[in-house]
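Listed below, chain by chain, are the residues.
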Amino acid sequence: MTEYLPMLTLEGDRWDLIAHRAYGDVAKQDLIIAANPELAITPMLPAGVTVRVPVLPDDTPTLVTLPPWKRP
């Protein structure tokens, strides 16, 4: 069972920016898109939309698993 964390979009957010903010890797945007099939794949997302971000295995550092001083 995949665990998800909610992330609220900001004005001008794109799928790749969300992936960078969550994982530090824009290439992982496909994981986030797949976890949100109800959201349209548009160039920009509206502000205030809750996006489900999959929690990756412990061996992959993410925004959630990084210590606060290493977060962007």
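All values reported here derive from a predicted model rather than from experimental measurement.

A. Focus on the packing of aromatic side chains. If you walk through the whole model with that rule in mind, you get 0 aromatic pairs. Of note, Lys 28 hangs over the ring of Tyr 23, and the distance from its end group to the ring centre comes to 5.9 Å. Directly above the aromatic system of Tyr 4 lies the positively charged group of Arg 52, at a separation of 5.9 Å from the ring centroid.

B. Highlighting helix α1 (residues 15-23). Listing the buried residues of α1 in full gives Trp 15, Ile 18, Ala 19, Ala 22 and Tyr 23. Looking straight down α1, one finds that the buried residues subtend no more than 100° of arc, so they occupy a single side. Where α1 is buried, its residues contact β1 (4-8), α2 (29-35) and β2 (50-54). With its phi angle positive at about 75°, Gly 24 sits one or two positions after the end of α1.

C. Representation of the nonpolar core. By size, the foremost hydrophobic cluster in this structure holds 13 residues, and its most contacted members are Trp 15, Ile 18, Tyr 23, Ile 32, Val 51 and Val 53. Mapped by element, the contributors of at least two residues to this core are α1, α2 and β2. A per-element tally of this core places α1 first, with 5 residues. Those residues in contact with Ile 18 that lie beyond four places of it in its chain are Met 7, Thr 9, Asp 13, Ile 32, Leu 45, Val 51 and Val 53.

Reading the values: the criteria
Residues numbered from 1 in each chain as written. Predicted model: local features only at pLDDT ≥ 70, side-chain atom pairs only at ≥ 80, totals over all residues. Heavy atoms only, no water. Phe/Tyr/Trp six-rings, centres within 6.5 Å; stacked < 30°, edge-to-face > 60°. Lys NZ or Arg CZ within 6 Å of the ring centre and 35° of its normal. Buried < 20%, exposed > 50% of the residue type's maximum accessible area, 1.4 Å probe, protein only. Helix = DSSP H or I, 4+ residues; strand = E, 2+ residues; numbered from the N terminus. Arc of directions from axis to C-beta. Contact = heavy atoms within 4.5 Å. Core = buried A, V, L, I, M, F, W, Y, C linked by side-chain atoms within 4.5 Å.

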